[in-house]
Amino acid sequence: YKYLTAQTMPYFLRVQVAAEASTPQQWHQLFKRYNNGGYNNQWMVFNARAFQKGKSLPAGTFWVGEQTPGLYVDKDQSQWLQQCTIWIIQQSSF
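Below, the structure is looked at part by part.

## Some remarks on the overall build of the protein
For the protein, the count of helices and strands is three helices and three strands. The linear arrangement of helices and strands in the protein, starting from the amino end, is α-α-β-β-β-α. Over its C-alpha atoms, taken along the principal directions, the protein stretches across nearly 45 × 30 × 15 Å. The proportion of buried residues among the 94 residues of the protein is 30%. Sequence separation of 24 or more characterises 47% of the internal contacts of the protein that already satisfy a separation of 6 or more. Counting every atom, the protein has about 6700 Å² of accessible surface; 52% of that belongs to carbon and sulfur. Taken together, the 8 basic and 4 acidic charged side chains of the protein have centroids lying 2 Å from each other.

See below:
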């Protein structure tokens, strides 16, 4: 319980606020701001406007965030997605 905090906002509200972001990185910055430490989730944000068929994904197109009690880590995974062409989740963090 040491990672739980009362300085929080329900996740569905944080998702709505983060939806106003203009980039996937900004989405994660907004979303994690009031993380209460009570969830374990992975959040994937893809910028469809940056995608161009037949071209490489620009950096910053696909960001993944991992949420655990007391910690939120997010990282640009555009290169990984470009190389593997699929993002598979198998009960493990990235």
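## Side note on the layout of surface pockets
In this approach the atoms are scanned with a rolling probe the size of a water molecule, which exposes any empty space left behind. Estimates place the volume of the largest pocket at around 150 Å³. Asn-41, Glu-66, Gln-67, Thr-68 and Ser-93 are the residues nearest the centre of the largest pocket, which is lined by ten residues in total. Going through the elements one at a time, strand E1 (41-46), strand E2 (62-68) and strand E3 (71-76) are the ones with two or more residues in the lining of the largest pocket. The element best represented in the lining of the largest pocket is E2, accounting for three residues. For the lining of the largest pocket, the class distribution of residues is three nonpolar, six polar and one charged.

## Comments concerning the side chain of Arg-14
Relative to the helices and strands, Arg-14 resides in helix H1 (residues 11-18). The side chain of Arg-14 is buried and forms no salt bridge, while Asp-74, the nearest opposite charge, is found at 11 Å. In this structure Arg-14 touches Met-9, Phe-31, Lys-32, Tyr-34, Asn-35, Tyr-39 and Gln-67, once residues within four positions along its chain are discounted.

## What to know about the environment of Asp-76
With respect to the secondary-structure elements, Asp-76 resides in strand E3. By relative accessible area, which is 26% here, Asp-76 ends up partly exposed. Taking C-alpha positions, Asp-76 is 13 Å from Trp-87, a pair spaced eleven residues apart along the chain. Contacts of Asp-76, omitting those with residues within four sequence positions, involve Ala-59, Gly-60, Thr-61, Phe-62 and Trp-63.

## Things to note about the pattern of salt bridges
Here the structure, examined in full by the defined rule, presents one salt bridge. A salt bridge links Asp-74 to Lys-32, with the shortest nitrogen-to-oxygen separation between them at 2.8 Å. One end of the pair, Asp-74, is in strand E3; the other, Lys-32, is in the loop between helix H2 (24-31) and E1, and 42 residues separate them in sequence. According to the relative accessible area criterion, Asp-74 is buried, its value standing at 15%. A relative accessible area of 23% places Lys-32 in the partly exposed class.

Calculation criteria
Residues numbered from 1 in each chain as written. Predicted model: local features only at pLDDT ≥ 70, side-chain atom pairs only at ≥ 80, totals over all residues. Heavy atoms only, no water. Helix = DSSP H or I, 4+ residues; strand = E, 2+ residues; numbered from the N terminus. Buried < 20%, exposed > 50% of the residue type's maximum accessible area, 1.4 Å probe, protein only. Contact = heavy atoms within 4.5 Å. Areas by Shrake-Rupley, 256 points an atom, 1.4 Å probe, with all protein chains shown as cover. Lys, Arg positive; Asp, Glu negative; His and termini not counted. Charge placed at Lys NZ, Arg CZ, Asp CG, Glu CD. 1 Å grid on protein atoms, 1.4 Å probe; cavity = no way out; pocket = protein on both sides within 12 Å on 5 of 7 lines; lining within 4 Å. Points joined across faces, edges and corners; volume = space filled by probe spheres on them. Nonpolar A, V, L, I, M, F, W, Y, C, P; charged D, E, K, R; others polar. Salt bridge = Lys/Arg side-chain N within 4 Å of Asp/Glu carboxyl O.

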